[in-house]
Each structure stands twice: as structure tokens, then as C-alpha cells.
Amino acid sequence: MSASLAQPSSTPASVKPLARPIAISNWLLSVAGLIFVMVIVGGITRLTESGLSITEWKPVTGAIPPLTEADWQREFDLYRQIPEYQQINRGMSLDEFKFIYFWEYIHRLLGRIIGLAFALPLLWFAVKRAIPKGYGKRLVFLLVLGGLQGAIGWWMVASGLSVRTDVSHVRLAVHLLMALVIFGAIVWTALDLRAPEARRQRLPTVAIWAFAVLFLQMMFGAYVAGLNAGYAFSSWPLMGDSLYPAGAEWLQPWIRNFVDNPITVQFVHRWLAFGVLAMAIVLAAKVKRAGGGRESLLLHIAVGIQILLGIATLLTGVDLTIAVAHQGMAVLVIGAFVLAAHRLAVARAAQPARE
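The present account deals with the structure reproduced in this document. Keep in mind the model is a prediction, meaning the values are calculated, not measured.

## A word on helix 7 (residues 205-226)
For an α-helix, 3.6 residues make a turn, and residues three or four places apart therefore share a direction. With 22 residues, helix 7 extends 32 Å from end C-alpha to end C-alpha; this agrees with the ideal 32 Å at 1.5 Å per step. One or two residues past the end of helix 7 sits N228, with phi positive at roughly 55°.

Spelled out as C-alpha cells, the structure:
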């Protein structure tokens, strides 16, 4: 064949891959959904006092549950060595142990699933060079936070295996707050991928204040859970016959009461909820003026439902179903705040273009 008849190749030596922001955003939102489920299971684990049933940390082999009666007996024997069993659950049957083991096992299994659901797609997108510019480091940082969360979880459990009969409520707060921060950061990143113009926008000041108040409320909520402070008073709006019980024990130094005193912690958590509501109203008003009517409405609904669930949790003496719904709703409240704040950032990014 003559050279003049040869067909030139139309395939370039290398094809530049295309970023896939929407696909990555959808993946991140699915991971956020798993975290939502994880927080709900964590709430059940706490309320059923199941968190100390697994006394060893085996990140890999721990994914395999006990398969034989001998395996179950070994796990039960380990549990019977810790203070919770010796001082609270002495005489527990093997079947009763299997119930609390189930919830802690599911909680840890979900942690492993979330880790894989984040790491494997991240690796795939990286190999395909589909991650948009500027997001690689952020996604790796989120992966590192997830790994750190696993270590924090064991650090929390370890606090209840030797001297205490439960886990440290401070460590529990760190564990829960980290989960909520990761959830919020993942949702924000997913929204950034759908609205790249907002990525370089500074977080609006009103949103910073709103997130600060919300963070404090979530911290006190974790203290309430860790101290079983929800059982202190089951009346509302008063605690017994007064706003704050006059004869309640007051710890020294006074600052300890805001960490270690169940009555004070419940009191703060009750009324700080309305501080969150006030910030939500301010943020929602700004978002609505910026064209985010849907985000404004969702924020009002989420905070309103959460306050009603909190009151119902108290009035029912911490009913398991309502208390778990209250904890799960906390995640949705964070999602609503993130949606509203991000919508405001998008509106601010659009202002220079309109001008």
C-alpha cells in the first residue's frame, strides 16, 4: 500500500480525563447517608448500654462475628472481667449478652463499611483522574478524619474497661462531635462540587455564629447522653417545680458543673436549643432574601421538629424510640444548617457576576 493511501491515526497519544464532579458529589452524599445511619445505631448502642460488650479492638478480624458457641463464650468471658458486668450486669445470661453485643457489633461494622465506601471509590476516582482540581487534598483529609474517628471510638470504649462502669462522657462527646463534623464537611464538599463558584467564598459571618451555637448544643447533647442526664428530670419546661432546682448539688470548681453535673448539663441543653432556634431564624431570613426559600423552610422545619423531639424525650422518660429519633434528627439539623449556609455562599458568589 502506498504511503499516500495510509490513513492517519485519529487517536491522540493521550486522552485528558474529564472531571466528574456530579458523580463524586452523589458518592459523597451516599456516604453522608451512611453516617446518618451510623449515628442512629450509635444512639441505640448508647441507650441500650451496649457499648462495652466488645472489649477488644480488632480493626480487620473484628469484622467476623462469633460463629460458634465457643466463640460466644470467649466474648462473654471477656465481658465478665470488666467493671460494668461485675457491678451492674452480674448474672446476665449469654442470650442477654448477645443482644447488647449485636448493637455494638453493628455499630463497628457500619464504621468499617463507611471506611470502605469512602476509600475504595476515592481510589477509583483518583486512578481515573476524575477528581476536579482542588478537591484531592480535601477528600484525602476527610479520609484521614474517618480513620481518626475509628481510633477515637476505641479510645472512648477503652475508658470504660478498667475502672469505670461506663465510657467517659467527655470522650463520647468527642466521638459524636467528630462524626457530626465529618458529616457536615462531606455534605458541604458535595454541595461545592455542584456549585463550584461557591468553593472559594468565605463562610458568611452569620453562618459561623450559627455553627458555633449549634456545635455547643451538640456537645451538651453528647454530655446529656454520656451522663444519662435525660433521666434527671422528666418534666418541661420546669425541672420539677422550678426553672433550676434550688437544692441541686453544685460541684466545685463551678466550671465542672457544665461538664460533669447531669442537672446543669440537662438545663443548658434544654435552653440552648432556643439559642439554636434564634440563630436558625436569623440565618433562614438571610437565605430567603438571597433566593433560598426552600433551604430557609427546611431549616425551620428541622429545628422545630428537633425541639419537639427533645421535649418529648424528656416527657416520656427517655423513651428509646423517641430518644433515638432525637439523635438522628440532630444529624438532619446539621444538614439543614449546611444547606442554608452553602446557599448563602452561592448567592454571594453570584453577586459580582450580576454587578
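Okay, back to it.
## Describing the packing of helix 4 (residues 94-127) against helix 5 (residues 136-158)
Interhelical geometry of helix 4 versus helix 5 gives an angle of 165° and a closest axis separation of 10 Å. Classified by the angle their axes make, helix 4 and helix 5 are roughly antiparallel. You can see that helix 4 and helix 5 cross each other, and the crossing is left-handed. Only L139, V140, L142, L143, W154 and V157 of helix 5 make contact with helix 4, whose side of the interface consists of E104, R108, F118, A119 and L122. A class-by-class count of the residues in the contact of helix 4 with helix 5 yields 9 nonpolar, no polar and 2 charged.

## A short note on the packing of aromatic side chains
In this structure the tally under the stated criterion is 20 aromatic pairs. With 5.6 Å between their ring centres and 45° between their planes, W27 and F125 make a pair best called tilted. Here F125 lies in helix 4 and W27 lies in helix 1 (residues 21-47), a separation of 98 residues in the sequence. The exposure class assigned to F125 is buried, which follows from its relative accessible area of 7%. Both rings, one in W254 and one in F258, keep their centres 6.0 Å apart while their planes meet at 90°; by these two values the pair is edge-to-face. Put simply, the rings of W72, F76, Y79, Y85, F97, Y101 and Y105 touch in pairs and so form one group of aromatic residues. The ring of F76 has R80 lying over it, and the distance from NZ or CZ to the ring centre is 4.8 Å.

## Overview of a nonpolar patch on the surface
Residues W155, V170 and V174 make up a contiguous nonpolar surface patch of about 230 Å² in total accessible area. Within the secondary structure, W155 sits in helix 5. On the accessibility criterion, W155 (38% relative accessible area) is partly exposed.

## Structural notes on helix 9 (residues 262-289)
With 28 residues, helix 9 should cover 40 Å at 1.5 Å per step; its first-to-last C-alpha distance of 41 Å lies within 8% of that length. Between the side-chain oxygen of the N-cap and the backbone nitrogen of I263 there are 3.0 Å, and the N-cap of helix 9 in question is N261. Trailing helix 9 by a residue or two, G291 shows a phi angle of about 100°, which is positive.

## Some points on the packing of helix 9 against helix 10 (residues 293-315)
Taken N-terminus to C-terminus, the directions of helix 9 and helix 10 make an angle of 170°; their axes are 8 Å apart at the nearest point. Classified by the angle their axes make, helix 9 and helix 10 are roughly antiparallel. Contact residues: Q266, R270, A273, F274, L277, A280, I281, L283, A284, V287 and K288 in helix 9; G293, E295, S296, L299, H300, V303, I307 and L314 in helix 10. Of the residues assigned to the contact of helix 9 with helix 10, the class counts are 12 nonpolar, 4 polar and 3 charged.

## Overview of unusual backbone geometry
Note the cis peptide between W236 and P237, where omega equals 5°. The topology assignment puts P237 in the loop between helix 7 and helix 8 (257-260). Here the bond from Q252 into P253 is cis, since omega is -5°, no more than 30 degrees from zero. Note on placement: P253 falls in the loop between helix 7 and helix 8. Positioned with a positive phi, E49 is a non-glycine residue whose angle comes to about 55°. For E49, the location among the structural elements is in the loop between helix 1 and helix 2 (69-79). One non-glycine residue with positive phi stands out, namely V318, at about 65°. Within the secondary structure, V318 sits in the loop between helix 10 and helix 11 (320-354). We classify V318 as buried; its relative accessible area is 13%.

Cut-offs used in this document
Here, residues in each chain are numbered from 1, in the same order as that chain's written sequence. The predicted nature of this model means local features are confined to residues of pLDDT at least 70 and side-chain atom pairs, given and counted, to a pLDDT of 80 or more, with totals for whole chains, interfaces and linings taken over all residues. Based on all heavy atoms of the structure, the side-chain values leave hydrogens and waters out of the count. Think of it this way: any DSSP run of H or I at least four residues long counts as a helix, any run of E at least two long counts as a strand, and we number them from the N terminus. A helix is expected to span 1.5 Å multiplied by its residue count minus one. Angles here are taken between N-to-C directions and fall from 0 to 180 degrees, while the axes themselves are lines fitted to C-alpha atoms, restricted in helices to the stretch in contact. An angle below 35 degrees is treated as roughly parallel, one above 145 as roughly antiparallel, one from 65 to 115 as roughly perpendicular, and anything else as oblique. Handedness of each helix crossing follows the sense of rotation of the near helix against the far helix: counterclockwise by less than a right angle gives left-handed, clockwise gives right-handed. Contact criterion: two residues are considered in contact whenever any of their non-hydrogen atoms come within 4.5 Å of each other. Here the nonpolar group is Ala, Val, Leu, Ile, Met, Phe, Trp, Tyr, Cys and Pro; Asp, Glu, Lys and Arg are the charged ones; every other residue, Gly included, is treated as polar. Any Phe, Tyr or Trp ring, taking Trp's six-membered ring, that has another such ring centre within 6.5 Å forms a pair; planes under 30 degrees apart are called stacked, those over 60 apart edge-to-face, and the others tilted. When accessible area is computed with a 1.4 Å probe and restricted to protein chains, residues below 20% of their type maximum are described as buried, those above 50% as exposed, and intermediate ones as partly exposed. Only lysine NZ and arginine CZ atoms are considered, and such an atom sits over a ring when it is within 6 Å of the ring centre and within 35 degrees of the ring normal. A residue counts toward a patch only above 30% relative accessible area and without a salt bridge, and it is joined to like-charged neighbours within 9 Å or, for Val, Leu, Ile, Met, Phe, Trp and Tyr, to nonpolar neighbours within 5 Å. Here the Shrake-Rupley method, with its probe set to 1.4 Å, supplies the accessible areas, and only the displayed protein chains count as covering residues. Basic side-chain nitrogens of Lys or Arg form a salt bridge, by our definition, when they fall within 4 Å of a carboxyl oxygen of Asp or Glu. Two N or O atoms count as a polar contact when they lie within 3.5 Å, although within protein this holds only if one can serve as hydrogen donor and the other as acceptor, and sequence-adjacent residues are included solely when both atoms are side-chain atoms.

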